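The primary structure of each chain is shown beneath.
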Amino acid sequence: MTEKHIVLEDIDPVIFYGVNNVHLQMIKALFPKLRIVARGNVIKVLGDEEQMCAFEENIESLRKHVVKFNSLKEEDILDIVKGNRTKDELPEGVLVYSMSGRPIKPRTENQQQLVDAFFANDMIFAVGPAGTGKTYLSIALAVKALKEKTIKKIILSRPAVEAGEKLGFLPGDMKDKIDPYLQPLYDALEDMLPQAKLQEMMEKHVIQIAPLAFMRGRTLSDAVVILDEAQNTTCAQIRMFLTRMGWNTKMIITGDMTQIDLPREQKSGLKEALNILTGIEGIGVVELTRKDIVRHKLVTRIVNAYEKYDAHPLPGEGSTHGSSDNRN
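Residues numbered from 1 in each chain as written. Predicted model: local features only at pLDDT ≥ 70, side-chain atom pairs only at ≥ 80, totals over all residues. Heavy atoms only, no water.

Student: Describe the sheet that holds strand β3 (residues 42-47), listing the residues and the values that go with them.
Tutor: Spatially, β1-β3-β2 is the arrangement adopted by the 3 strands of the open sheet, whose pairing is antiparallel. Each of the sheet's edge strands pairs with one partner strand only, and the pair in question is β1 (2-7) and β2 (35-39). Averaged over all neighbouring strand pairs, the angle between strand axes comes to 15°, with direction disregarded. Both β1 and β3 contribute to a ladder of 6 bridges, which runs antiparallel. Residue pairing in the sheet places Ile6 in a bridge with Ile43 of β3. Relative to β1, helix α3 (residues 49-69) is tilted by about 5°, and along the sheet it contacts β1, β2 and β3. (Pairing = 2+ DSSP bridges. Helix = DSSP H or I, 4+ residues; strand = E, 2+ residues; numbered from the N terminus. Axes fitted to C-alpha atoms, helices over the stretch in contact; angles between N-to-C directions. Contact = heavy atoms within 4.5 Å.)

Laid out in structure tokens, this is it:
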């Protein structure tokens, strides 16, 4: 008799074992000659060495399936154990699967350009209006790279620039004050990774979410680094951020030049960076438009209405929209 301990890495054991351990009970039934005990992310197996090897191979195949698809069905277990072909590979164009099983992939031509630019360059600027999927798609690319182990960590950042509110007036400690600015990044990650696994990755600093000011002095290596809302960086801030790049690192900088929340006299670092860096080898620039908006159809209509207003303000009114001040 042989005893082995198998560790389920990179997955949420709840998904693997199933509701009320239904998957685990099925696995036990398929290997009746083995004694199988699961606790947390460790499976202890006792039995014949030959059967143990077959069991270990199947468990690894099931684990890889969960890593790819964030789900496990009874038919998947049967197919894998019986040696039948399952959906081993992601369908063409799919980056990752959401926690609800929805395939996450580019939905427009410009979104596909963003994905292509990511694989062709080490630094990508993705600029476009709200709702075009810049941030969400960028995080999906980062999660894909992390799952495939081509990088060791994901680093997400935003400038903490107030849109009508001051940090000092918000309740709580510094983390409480900053978290509202970073919430869209948390939301995207929670849609792509199991909650327990995401929490573990954040505790181990495999996934790091921090305001831009926290990047100073660091060298960011073996990572996908995303700077979101870069239109609200100053020239000095974005220069500091771009020079943090280390070995085996890809950077994605996203922004919307129509939503600048900097003081009117302050230049946008994103606009300056695009003027200076466009055309440099290894840097890709992707411009998304209102045709790429994938949120509610009203978002497209709202963006169109504001663009018309910016172009032709009502008599006696000046546009307050970020794009109308033509900041240099």
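Student: Describe the nonpolar core, naming the residues involved and giving the relevant values.
Tutor: Soluble, globular proteins show a tendency: their nonpolar side chains are buried together. If you look at the biggest cluster of nonpolar residues, it comprises 36 residues, and the most contacted ones within it are Ile139, Leu189 and Ile207. Within the residue set of this core, elements represented by two or more residues are α5 (109-120), β6 (123-127), α6 (134-147), β7 (153-158), α7 (174-192), α8 (195-203), β8 (207-211) and β9 (223-227). (Core = buried A, V, L, I, M, F, W, Y, C linked by side-chain atoms within 4.5 Å. Buried < 20%, exposed > 50% of the residue type's maximum accessible area, 1.4 Å probe, protein only.)

Student: Any details on α5? Residues and values, ideally.
Tutor: A rise of 1.5 Å per residue sets the reference length of α5, with its 12 residues, at 16 Å; its end C-alpha atoms lie 16 Å apart and thus fit the reference within 8%. On its buried side, α5 packs onto β6, α6, β9, β10 (249-255) and β11 (283-287). (Expected span 1.5 Å × (residues − 1).)

Student: Which residues make up the environment of Arg216, and what values do they have?
Tutor: Note on placement: Arg216 falls in the loop between β8 and β9. In sequence terms Arg216 and Arg244 are 28 residues apart; their C-alpha atoms lie 7.8 Å from each other.

Student: So what's going on with a nonpolar patch on the surface? Residues and values would help.
Tutor: Taken together, the side chains of Leu298, Ile302 and Tyr306 present a nonpolar region at the surface, about 290 Å² in accessible area. Among the structural elements, Tyr306 can be located in helix α11 (residues 297-311). With relative accessibility at 45%, the residue Tyr306 sits in the partly exposed group. (Patch = residues over 30% accessible without salt bridge, like charges linked within 9 Å, V, L, I, M, F, W, Y side chains within 5 Å. Areas by Shrake-Rupley, 256 points an atom, 1.4 Å probe, with all protein chains shown as cover. Salt bridge = Lys/Arg side-chain N within 4 Å of Asp/Glu carboxyl O.)

Student: Residues and numbers for the pairing of β9, please.
Tutor: Summarising burial for β9: 5 of the 5 residues are buried, a large majority. Going residue by residue along β9, you find Ala223, Val225 and Leu227 tucked away on one face and Val224 and Ile226 tucked away on the opposite face as well. Bridge analysis of β9 against β10 gives 5 bridges, and the strand direction is parallel. Opposite Ala223, over in β10, you have Thr249 as the bridge partner. A crossover links β9 with its parallel partner β10, the connecting element being helix α9 (residues 235-242), and its sense is right-handed. (Right-handed = clockwise from strand over helix to strand, strands pointing away.)

Student: Account for the sheet that holds β6, with residues named and values stated.
Tutor: The strand order β8-β7-β9-β10-β6-β11 describes an open sheet built from 6 strands, whose pairing is parallel. Only two strands of the sheet have a single neighbouring strand rather than two, namely β8 and β11. The mean inter-strand angle of the sheet, taken between neighbouring strand axes irrespective of direction, is 15°. Relative to the sheet, α9 contacts β6, β9 and β10, its axis offset from that of β10 by approximately 155°. Relative to β6, helix α10 (residues 269-277) is tilted by about 125°, and along the sheet it contacts β6, β10 and β11.

Student: Could you give me a rundown of the confidence of the model for the protein, with the residues and numbers involved?
Tutor: Averaged over every residue, the pLDDT of the protein is 85; residues scoring 70 or more account for 87%. Across the protein, β6 holds the top mean pLDDT of 97, while α11 sits lowest at 76. (pLDDT = per-residue confidence, 0-100.)

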